[in-house]
Amino acid sequence: MDFDLPESATAVREGVRAIAERYDQAYWDRCDADKRWPQEIWEELIKGGWTALAIPEEYGGAGQGLLELAVALESLAAGGAGGAASFMYLLTPAFGGLTIARHGTAEQRREFLPKIAAGELETCFAVTEPDAGSNAIAIATQATRDGDDFVVRGQKIWISGVERADFLVLVTRTVPAAEARPRVNGFTVLLVDVREAVAAGTLTYRPIPKLGTNTVASSMVFLDGVRVPADRVLGEVDQGFAVLWDILNPERILAAAAGVGFGELVLKIACDYARDRAPFGRPIGANQAVAFPLARVKAQVELARLMAYKAAWLWDRHRPCGAEANIAKLTAADAAWQAADRAFQTHGGMAYSLEYPVARFFRDARIGKNIPVAEELVLAHIAQHELGLPKSY
């Protein structure tokens, strides 16, 4: 077994961290408070090629894999972005670039990948629905064939980045759930031209006021007769569940990488404060009540890092990685939350002051235990598929 990162990933870590460290916490606080995309750092990442890592070289990318994307996201989070880093690597590099590179037709790859690599096209992803929630099998958004097009009607919720996106990677039903045999049949994944549909009045969206991660909006999306050319199907008609899993597993892995980087950043800030703060004549970090919980979080972060890298390594080799992706997401989300909680406790009353970034970390960390999949569902999957226990849902 070799635990050394490949040189490609090491270069990514150094390059992305160098960019991230040029932006202080005040920058991220302003972006969050103003509810605006971190455009300055986004442009630097595009210019350096750090968002096109998983796009094949013939389309202008670096020809690397999910492992390098995970390391990039982890480095951006650890370098200062914290939870705000997540969607910068999920929305376009993963949901768009990674998915089209693996499942797109030759024509789709030629049309979309060079533009994604150059930063000229952005994407987002839509699967969740108000009534289905985390049960993707039960989605009801329907795509019906009409000549050379599909016509889509339905509703999606918690769709992040649609206000910026040129194209939406949309999961639909072409066979209703009640009629599909087996239940995972009848899914079709479509590439929807967002601006075209908005101009036609068939796609509308409404941002949802939310607690944290306000550098990107999350919206309700309404699809009322959206027309999508049949040549914009990703994968095969009615067989889109294979494509969906190749979106959901990388999403979990990248969420884990974000949690690892987030935990590393928050631990650093908490430990810096614990070394400097000395109200009783010695640093509070000298007290075991402060030091030991932080040390435990450090152990959790390192364990989550190993599983995130393993899951990404497996995915890059087209090997099963569902269990590893779930475990990585579960452990990293918990490590990030514990880091934020302990940072809050370490800062004491000052954590409540917006002069420190702890309050933002606390808000941003909590949602990781619920998205992209709730930890209860992860535990149910592990119990059933890894432990052989009866199905609980």
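Preceding block: the structure.
Residues numbered from 1 in each chain as written. Predicted model: local features only at pLDDT ≥ 70, side-chain atom pairs only at ≥ 80, totals over all residues. Heavy atoms only, no water.

## Remarks on the overall build of the protein
Reasoning step 1: Scanning the protein from terminus to terminus reveals 12 helices and 8 strands.
Reasoning step 2: Its C-alpha radius of gyration of 21 Å places the protein within 12% of the 21 Å reference for a compact globule of 393 residues.
Reasoning step 3: Along the three orthogonal principal directions, the C-alpha set of the protein runs to about 80 × 50 × 45 Å.
Reasoning step 4: Within the protein, the proportion of its 393 residues that are buried is 53%.
Reasoning step 5: Partitioning the contacts of the protein with sequence separation of at least 6, the portion at a separation of at least 24 is 73%.
Reasoning step 6: About 17400 Å² of surface is accessible on the protein, with carbon and sulfur atoms providing 54% of the total.
Reasoning step 7: Distance between charge centres in the protein, computed from 41 positive and 49 negative side chains, equals 5 Å. (Helix = DSSP H or I, 4+ residues; strand = E, 2+ residues; numbered from the N terminus. Rg over C-alpha atoms; globule rule 2.2 N^0.38 Å. Buried < 20%, exposed > 50% of the residue type's maximum accessible area, 1.4 Å probe, protein only. Contact = heavy atoms within 4.5 Å. Areas by Shrake-Rupley, 256 points an atom, 1.4 Å probe, with all protein chains shown as cover. Lys, Arg positive; Asp, Glu negative; His and termini not counted. Charge placed at Lys NZ, Arg CZ, Asp CG, Glu CD.)

## Let's talk about the side chain of N326
Reasoning step 1: Along the chain, N326 turns up in helix α10 (residues 322-347).
Reasoning step 2: Not counting residues up to four positions away in its chain, the partners in contact with N326 are R252, V373, V378 and H381.

## Looking at the pattern of salt bridges
Reasoning step 1: The final tally for this structure, using the stated rule, is 24 salt bridges.
Reasoning step 2: Notably, a salt bridge pairs R13 with E74, separated by 3.8 Å at the nearest N-O pair. One end of the pair, R13, is in helix α1 (residues 7-20); the other, E74, is in helix α4 (residues 66-81), with 61 residues separating them in the sequence.
Reasoning step 3: The shortest N-O distance in the salt bridge between R360 and D29 comes to 2.6 Å. With R360 in helix α11 (residues 358-366) and D29 in helix α2 (residues 25-34), this pair connects stretches of sequence that are 331 residues apart.
Reasoning step 4: Its relative accessible area of 23% is what places D29 among the partly exposed residues.
Reasoning step 5: A cluster of three or more residues bridged by salt bridges with shared partners is formed by R13, R17, E21, E74, E264, K298, E302 and R305. (Salt bridge = Lys/Arg side-chain N within 4 Å of Asp/Glu carboxyl O.)

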